[in-house]
Amino acid sequence: MKLKLVATKEVKDKIKQAIKEQDIQYSDDASFVLYELHHEHEFLLVREKEDYFRIAVKDIIYIEAKGAQVLAHTKDGIYQVKETMYQLEANLYEKGFLRIHKAFIVNKKDIRRIKTSLNMKFLLVLSNQETVEVSRSYYYHFKEEMGF
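Residues numbered from 1 in each chain as written. Predicted model: local features only at pLDDT ≥ 70, side-chain atom pairs only at ≥ 80, totals over all residues. Heavy atoms only, no water.

**Q** Run through the overall build of the protein chain, naming residues and quoting values.
**A** Across its full length, the protein chain holds three helices and 10 strands. Here the protein chain, with 148 residues, has 32% of them falling under the buried criterion. At a minimum sequence separation of 6, the contacts of the protein chain that also span at least 24 residues come to 39%. Carbon together with sulfur atoms contributes 50% to the accessible area of the protein chain, which is approximately 10,700 Å² in total. (Helix = DSSP H or I, 4+ residues; strand = E, 2+ residues; numbered from the N terminus. Buried < 20%, exposed > 50% of the residue type's maximum accessible area, 1.4 Å probe, protein only. Contact = heavy atoms within 4.5 Å. Areas by Shrake-Rupley, 256 points an atom, 1.4 Å probe, with all protein chains shown as cover.)

**Q** Tell me what's going on with the sheet that holds strand S1 (residues 43-48), and back it up with residues and numbers.
**A** Sheet strands line up and pair through hydrogen bonds in the backbone, either parallel or antiparallel. Read from one edge to the other, the open sheet built from seven strands follows the order S2-S1-S5-S4-S3-S7-S6, with strand pairing classed as antiparallel. Two strands in the sheet have a free side with no partner beyond their single neighbour: strand S2 (51-56) and strand S6 (97-101). For this sheet, the mean angle separating the axes of adjacent strands, direction not counted, is 35°. Here strand S3 (residues 60-66) pairs with strand S4 (residues 69-74) via six bridges, running antiparallel. (Pairing = 2+ DSSP bridges. Axes fitted to C-alpha atoms, helices over the stretch in contact; angles between N-to-C directions.)

**Q** An account of the pairing of S1 is needed here, citing residue identities and associated values.
**A** Examined bridge by bridge, S1 and S2 share six bridges and lie antiparallel to one another. Residue pairing across strands places Leu44 opposite Ile55, the latter belonging to S2. Direction of pairing for S1 relative to strand S5 (residues 78-81): antiparallel, over a ladder of two bridges. Bridge assignment links Val46 to a residue of S5, and that residue is Val81.

**Q** Account for the side chain of Thr74, with residues named and values stated.
**A** Along the chain, Thr74 falls in strand S4. On the accessibility criterion, Thr74 (10% relative accessible area) is buried.

**Q** Any chance you could break down unusual backbone geometry for me, citing the residues and the numbers?
**A** Peptide bonds are mostly trans, and most non-glycine residues show a negative phi. Phi at Lys49 is positive, roughly 55°, even though this residue is not glycine. Turning to its location among the elements, Lys49 is positioned in the loop between S1 and S2. Non-glycine residue Met120 carries a positive phi angle of around 55°. Judged by relative accessible area, which is 36%, Met120 ranks as partly exposed.

**Q** Account for the pairing of S3, naming residues and giving values.
**A** Burial analysis of S3 places five of its seven residues in the buried class, which makes it a mostly covered element. Linking S3 to S4, which pair antiparallel, is a turn of two residues; within it Gly67 sits at a positive phi near 65°.

**Q** Can you break down helix H1 (residues 9-21) residue by residue, with the values?
**A** Between the first and last C-alpha of H1 there are 18 Å, a value that for 13 residues agrees with the 18 Å anticipated at 1.5 Å per step. Just downstream of H1 lies Gln22, where phi reads positive at about 55°. (Expected span 1.5 Å × (residues − 1).)

**Q** Report on the packing of aromatic side chains, specifying residues and quantitative values.
**A** On inspection of all chains with the given rule, the structure shows seven aromatic pairs. The interplanar angle of 10° and the centroid separation of 5.0 Å between the aromatic rings of Phe122 and Tyr139 together place this pair among those described as stacked. Of this pair, Phe122 sits in strand S9 (residues 121-126) while Tyr139 sits in helix H3 (residues 139-146), and the two are 17 residues apart along the sequence. Accessibility expressed as a relative area gives 14% for Tyr139, which makes it buried. Grouping aromatic residues by their ring pairs yields a cluster made of Phe122, Tyr139, Tyr140, Phe142 and Phe148. A cation sits over an aromatic face here: Arg54 above Phe43, 4.0 Å from the ring centre. Over the ring of Tyr86 we find Arg99; its NZ or CZ atom is 5.4 Å from the centre of that ring. (Phe/Tyr/Trp six-rings, centres within 6.5 Å; stacked < 30°, edge-to-face > 60°. Lys NZ or Arg CZ within 6 Å of the ring centre and 35° of its normal.)

So far we have only geometry, and geometry alone does not tell us how the molecule works.
Here it is, written out as structure tokens:
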């Protein structure tokens, strides 16, 4: 079996050593997660207080990075996610999610209104009536993805 590690050098070295020593344990709350390439992501493992559970990806309105936390916003609540924004951006793109800001990934189906703003920015009104900003860095990519 071949394994590719996409992580910091520090984490890679730690994992390589654990594999070498066969000191690997399975845990749902592990800090490192392996995904099968092209795996269908129907659910996301989230945390609320001390409980872990799965939410359907289709129910996520947007994902927000707030400091060290990554939060998934749904109509039912806000949940903490283990994955990084980079992992989520890559894994959820095929499900209709789009990175619009360093701190935001939105579900395109939940965009209700697009308002133009100054300095090459957009404001998006989402299905939960919250507003998020498309930053200048993602402006042209957003326009291309949305078809205008």
